[in-house]
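Chain residues, written in single-letter form:
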Amino acid sequence: MSATRRPSPRPPHTVRSAWMDDVQAPPRTALITGVSGQDGMYLARHLLAQGWQVVGTVRPGISSLARMAPYLAGVEIVEHDLTDALGFGDLVSRHAPQAVYNLAAFSAVGRSWDQPELAARTNHLAVVEMLQSLLRHRDKNAQDVRFFQASTAEVFGSEVEGPLDEESSHRPRTPYAIAKSAAHHLVISYRERYGLHASNGILFNHESPFRGQQFVAGKIARVAASAACGRHTTVALGDLDVERDWGSAADYVDAMARAVGHEVPDDYIIGTGQTHTLRDMLTAAFAAVGRDDMEDHVELMPHLWSATQAQALLADPAKAARQLGWSASTSFDELVSGMVEVDVRRITTGVAESEAYLG
Ligand code: NAP
């Protein structure tokens, strides 16, 4: 019986590395997919502040760029649809980035049931093409490109207990999470087989005033801000006792950059290590505007809650602290009050987006 010979991994240090401290070197370029999303915007600003050149992709035609444009000065914007497999290789050839952060995704967990095929193409198959493109680029140019994949706590599924770490089992239960879990394992496989500097950040929920209004934290902030401005609105929620480990997007993009800058590629849980319930979030949001009448603004609709989602998700971010020197620095109350404050300003000024909202 003939044994299949496994190609030996090519250690990242055998190819040119732009991470070496060469003061003569031209500015490094980072390619961020999904730059008009919440994390893409924060990461672009973070890297620009560190002296990187940033190229950011937006979805052609239906992009959220119009909304996020006020925050993206200095970013070179290019159109790219993640489902366009070949286009990614062209982007890498054209911009020759030193780092790629894959943040674009079909990111709405619940809606992935309506479009499971699109979720798979966007969140899984696109990552296959990205990793293949980086290999081809390395072979052709002897240039190692570091890769970061936005993985998610959703990969752990619904039956979880206690703090989750990098060794916890994946039991994904939604098309979104199944595709993300497949991408996560691809990243590990390409790292081990080909020596790519490719890392997963297993991101727990993180928010900001700039996340889409379809996500629950944004809805809660908005309803509290509306109440503060004398408008009675309600938010429909499935279960107030669901617990999540909520952090701030601004903190989490710092963890992403640290993972890419770390000499050795690896996988990291990115979370705060604390959970709060949706009830806590409502209480904090209404407290931020001096109110305690949150019950009047909630419609309980149990059918909105799905058994495919975990009742509680808690991160154990000890490895990121140990290896990257990273920990979340924004408290839950600061996060929620910051979101409500920006929504109050949006309502009172009538200006939906402004760089001034970044604080
Ligand atoms: P987001 O605001 O929804 O951003 C996702 C971006 O992906 C959007 O700019 C979206 O463009 C783009 N996109 C979607 N489909 C695309 C396609 N086919 N081609 C090109 N671009 C496409 O998400 P986020 O909160 O910044 O999250 C960033 C990453 O972290 C995502 O991969 C997400 O799955 C992951 N993650 C986030 C959280 C969280 O709590 N925020 C938690 C765990 C993991 P349009 O706006 O034009 O659709």
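Residues numbered from 1 in each chain as written. Predicted model: local features only at pLDDT ≥ 70, side-chain atom pairs only at ≥ 80, totals over all residues. Heavy atoms only, no water.

Under an unreviewed UniProt entry, the name given to the protein chain is GDP-mannose 4,6-dehydratase, and the source organism is Aeromicrobium fastidiosum. UniProt annotates the protein chain under Sequence similarities (unreviewed entry) with the comment "Belongs to the NAD(P)-dependent epimerase/dehydratase family. GDP-mannose 4,6-dehydratase subfamily." Under Catalytic activity (unreviewed entry), UniProt gives the following word-for-word description of the protein chain: "GDP-alpha-D-mannose = GDP-4-dehydro-alpha-D-rhamnose + H2O". (UniProt positions renumbered as here; feature names shortened; annotations may be inferred.)

A.B. asks: Can you break down the packing of aromatic side chains residue by residue, with the values?
C.D. replies: The full count for this structure, using the stated rule, is seven aromatic pairs. For the ring pair Tyr 190 and Tyr 194, a centre distance of 5.3 Å and an interplane angle of 50 degrees mean the geometry is tilted. In this pair, Tyr 190 and Tyr 194 both sit in helix 5 (residues 175-194), four residues apart, roughly one turn of the helix. For Tyr 194, a relative accessible area of 24% corresponds to the partly exposed category. Here the aromatic residues Tyr 42, Tyr 71 and Phe 210 are joined through ring pairs into a cluster of three or more. Note that Arg 211 overlies the ring of Phe 215, its terminal NZ or CZ placed 3.7 Å from the centroid. (Phe/Tyr/Trp six-rings, centres within 6.5 Å; stacked < 30°, edge-to-face > 60°. Helix = DSSP H or I, 4+ residues; strand = E, 2+ residues; numbered from the N terminus. Buried < 20%, exposed > 50% of the residue type's maximum accessible area, 1.4 Å probe, protein only. Lys NZ or Arg CZ within 6 Å of the ring centre and 35° of its normal.)

A.B. asks: Lay out the sheet that holds strand 12 (residues 267-270) in plain terms, naming residues and giving numbers.
C.D. replies: Pairing is parallel across the open sheet formed by seven strands, whose spatial order is 3-2-1-4-5-7-12. The two strands at the open ends of the sheet, each matched to only one other strand, are strand 3 (76-79) and strand 12. Strand-to-strand twist of the sheet, defined as the mean angle between neighbouring strand axes without regard to direction, takes the value 20 degrees. Here strand 4 (residues 99-102) pairs with strand 5 (residues 146-152) via four bridges, running parallel. Its bridge partner being in strand 5, Ala 99 is matched across the sheet by Arg 146. In the packing of helix 1 (residues 38-49) onto the sheet, contacts are made with strand 1 (29-33), strand 2 (53-58), strand 4 and strand 7 (198-203), and the angle to strand 1 comes to roughly 170 degrees. The sheet strands contacting helix 5 are strand 5, strand 7 and strand 12, and the helix crosses strand 5 at an angle near 150 degrees. (Pairing = 2+ DSSP bridges. Axes fitted to C-alpha atoms, helices over the stretch in contact; angles between N-to-C directions. Contact = heavy atoms within 4.5 Å.)

A.B. asks: So what about the pairing of strand 5? Which residues, and what values?
C.D. replies: Counting buried positions along strand 5 yields seven of seven residues, so the element is predominantly enclosed. Of the two faces of strand 5, the one carrying Arg 146, Phe 148, Ala 150 and Thr 152 and the one carrying Phe 147, Gln 149 and Ser 151 are both buried. Both strand 5 and strand 7 contribute to a ladder of six bridges, which runs parallel. Note that in strand 7 the partner of Ala 150 across the bridge is Gly 201.

A.B. asks: Any chance you could break down the site of the ligand for me, citing the residues and the numbers?
C.D. replies: As a structural note, the neighbourhood of the ligand is formed by 27 residues, with Arg 59, Ser 64, Ser 107, Tyr 176 and Lys 180 the closest of them. Contacts to the ligand include Leu 82, whose backbone N or O atom sits 2.8 Å from a nitrogen atom. Here an oxygen atom of the ligand sits 2.5 Å away from a polar atom, N or O, in the side chain of Ser 107. Protein coverage of the free-state accessible area of the ligand, which is 890 Å², stands at 90%. Mapped onto the shell around the ligand, the elements with two or more residues apiece are helix 1, strand 5 and helix 5. A breakdown of the residues in the shell around the ligand according to their chemical character gives nine nonpolar, 13 polar and five charged. (Near = heavy atom within 4 Å. Polar contact = N/O pair within 3.5 Å; in protein donor to acceptor, adjacent residues only side chain to side chain. Areas by Shrake-Rupley, 256 points an atom, 1.4 Å probe, with all protein chains shown as cover. Nonpolar A, V, L, I, M, F, W, Y, C, P; charged D, E, K, R; others polar.)

A.B. asks: Summarise the nonpolar core; cite the residues concerned and give the values.
C.D. replies: Judged by nonpolar contacts, the single largest core of 37 residues is most densely connected at Ile 32, Leu 47 and Tyr 101. Among the secondary structure elements, those contributing two or more residues to this core are strand 1, helix 1, strand 2, strand 4, strand 5, helix 7 (249-261), strand 12 and helix 9 (318-324). Per-element accounting of this core gives the leading share, eight residues, to helix 7. Dropping the residues within four chain positions of it, Leu 47 is found in contact with Ala 30, Ile 32, Trp 52, Val 54, Tyr 101 and Ala 257. (Core = buried A, V, L, I, M, F, W, Y, C linked by side-chain atoms within 4.5 Å.)

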